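Commentary on secondary and tertiary structure
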Amino acid sequence: MASMEGLIGLMNRIQRACTALGDHGGGGELPTLWESLPTIAVVGGQSSGKSSVLESIVGTDFLPRGSGIVTRRPLVLQLHQTDDGSQEYAEFLHMPKIRAQTIISLYCGAARVRQEIADETDRLTGKTKQTSPVPIHLSIYSPKVVNLTLIDLPGLTKVAVEGQPESIVQDIENMVRSYVDKPNCIILAISPANQDIATSDAIKLSKEVDPTGERTFGVLTKLDLMDKGTNALDVLEGRAYRLQNPWVGIVNRSQADINRKVDMISAREKEREYFESSPDYAHLASRMGSEYLAKLLSEHLESVIKARIPSITAVINKTIDELESELDTIGRAVAVDPGAQLYTILDLCRAFDRVFKEHLDGGRSGGDRIYGVFDHKLPAAFKKLPFDRYLSVQNVKKVVSEADGYQPHLIAPEQGYRRLIGTGLTYFRGPAEATVDAVHVVLKDLVRKSIGETEQLRRFPTLQTAIATAANEALERFREDGRSTALRLVEMEATYPTVEFFRNRPQDLPAADASSKAGAKASAESPVPLDRYGDGHYRNIAHNVSQYIRMVGDELLKTIPKAAVHCQVREAKRSLLNHFYVQIGKKEAGEFAHLLDEDPAMMERRQQCWKRLELYKSARDEIDSVAWSSNR
């Protein structure tokens, strides 16, 4: 492209390509590139002549007509000027392979376009008077049009009629505002000349969003319907309401002309004759009419685009960087070679393993939950053990009596002590197992989180499942080892009591009783032994056993966490996927592709990224070419 002449056509192609790739939004919520590309929004009240103006610019009557709200969805209309003699056709974005002929002499083609607009509107809104902000995209290719992008918006209204929701007035205004609020939107404000310009809905709205009038082009329709003896010179010459851009008068086809199927060539000729022969407007004839309006808008749009090229290029470059970064995150296409596939699988496993270790070592959250098990849950579980009930006087008496059998103990209840200690220490089995299980739950959850946080794995759901299965199987093995080790610690304590503890304690003195001062005094001053068959004797035994169990419990609070860390946490860090690696090594080459079977949504996402990246790079190159050519 060697000149600015084709710049609008280039922008049209970029806009259409963006739209086809979903790089657009409904209701004017357009992404950054769309926002940076100037467009022309056609704004006006109902029955102001918006549709007739658009048809005059295009050169054929392709829009639905009727009473009330006819335009119920935005119509993004892109006009592409083609070479002389080329066939004219229209193309809808929602049916791109079907071209409806719009050759001016064949009204059946225009009728198909008109019907498709109505049908596509009904598909979303139903056969009601409801509106929708989701646009219809239509491109028209013809040598008789100028390069333009126009957005036909629903007509502004003041009241809701039967069949419309009460919110219709505000809904339409919000929809129109979502387009005209954007700084790169050129406003084509349509007002009927047979109404006071002060009451114009289009001018009122444009004044709010464009108070300086820099973005607004005023169009007066229905000049031929004004009362005899009146004219619109005050408006057209900028005295009634001044804009930075010139006002343009339009004389559209009358309903009688439409009924008689007067073609646009004849209508344009009739419009030209009206201005040239009018005593009021003859001096403005060269700046009036739909043909002049189309050229004026095209020239203005070119100048705006040219001024916006640096900002458009900046948006494109920023988007290219974002897309390339996204592709790096998604990952490139999977290799076909089995060796490369095996390398990819192992690399993905290592990536997962790094994330998992970061959770355990503190680089990511989650590993602290294991410490929480040791520091809070395990001590809390110990405190809940029923030693008060187990070492009650009644139970101690029962255990000691059963241990002695038919013979009373002579000096100390040796077997009773051993039985009380052995059985009492078994209560620690429950917290020991619960600690191992709690650590296992945390590790399983960290596996799940690590798989989800490993960006490279997200595209391979089959491999995710395989890694999760292998990791959880390994954690089960580590849990069994941790459980057996923790229980062995408890059994070791129960099997062989620490004899020095009892040798260093007086066995037959009364236990300190905070509620009995007499007992405390007796144990300190009186050497008289207790009655070996009284409650005080058994209370003393319970006290000694309780102190021993507490000592062992304090030790287990240190050693059970060591067992869990040694058997579960350490092994998870060292060898979580070792068994999986062995299994991978035994697989056939063809099975690697199955593990690297991508999520269809991720494949679609990559494909869309590639398409958008190619579009944006192509757009950048073409825009750079145009900018360079125009500055030569």
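One can find the structure itself at the top, above this paragraph.
Right, let's walk through the structure included here. (Residues numbered from 1 in each chain as written. Predicted model: local features only at pLDDT ≥ 70, side-chain atom pairs only at ≥ 80, totals over all residues. Heavy atoms only, no water.)

In terms of nonpolar packing, the biggest core is built from 55 residues, with Ile57, Phe62, Leu79, Ile117, Leu138, Leu188 and Leu293 touching the most fellow members. Examining the composition of this core, we find that 14 residues originate from one element, helix α10 (residues 290-330), more than from any other. The residue makeup of this core includes at least three contributed by each of domain 1 (38-288) and domain 2 (296-334 + 600-631). Leu360, Phe374, Leu595 and Leu596 belong to the second-largest nonpolar core, a separate cluster that totals 37 residues. (Core = buried A, V, L, I, M, F, W, Y, C linked by side-chain atoms within 4.5 Å. Buried < 20%, exposed > 50% of the residue type's maximum accessible area, 1.4 Å probe, protein only. Helix = DSSP H or I, 4+ residues; strand = E, 2+ residues; numbered from the N terminus. Domains from an automatic or database assignment.)

Attention shifts here to the pattern of salt bridges. By the definition in use, this model includes 37 salt bridges. Taking the shortest distance from any N to any O, the salt bridge between Lys204 and Glu208 comes out at 3.2 Å. Taken together, the residues span about one helical turn, with Lys204 and Glu208 both in helix α6 (residues 201-209) at a distance of 4 residues. Overall, Lys204 belongs to the exposed group, its relative accessible area being 52%. Linked by salt bridges that have partners in common, Glu433, Asp437, Glu476, Arg479, Glu480 and Arg483 make up one network. (Salt bridge = Lys/Arg side-chain N within 4 Å of Asp/Glu carboxyl O.)

With respect to the element layout, Tyr89 can be found in strand β3 (residues 89-92). A relative accessible area of 14% means that Tyr89 is categorised as buried. For the pair Tyr89 and Ser142, spaced 53 residues apart in the sequence, the C-alpha separation amounts to 6.9 Å.

The next point concerns the packing of helix α12 (residues 368-383) against helix α16 (residues 429-453). When two helices pack together, their arrangement is given by the angle between the helix axes and by the axis-to-axis distance. Look at α12 against α16: their axes get within 10 Å of each other, and the N-to-C directions meet at 155 degrees. Judged by the inter-axis angle, α12 sits roughly antiparallel to α16. As α12 runs across α16, the sense of the crossing is right-handed. Residues Arg369, Ile370, Val373, Phe374, Leu378, Ala381 and Phe382 of α12 lie in contact with α16, whose contacting residues are Pro431, Thr435, Ala438, Val439, Val442, Leu443 and Asp445. Among the residues making up the contact of α12 with α16, the classes are represented as 11 nonpolar, 1 polar and 2 charged. (Axes fitted to C-alpha atoms, helices over the stretch in contact; angles between N-to-C directions. Parallel < 35°, antiparallel > 145°, perpendicular 65-115°, else oblique. Left-handed = near helix turned anticlockwise from the far one by under 90°. Contact = heavy atoms within 4.5 Å. Nonpolar A, V, L, I, M, F, W, Y, C, P; charged D, E, K, R; others polar.)

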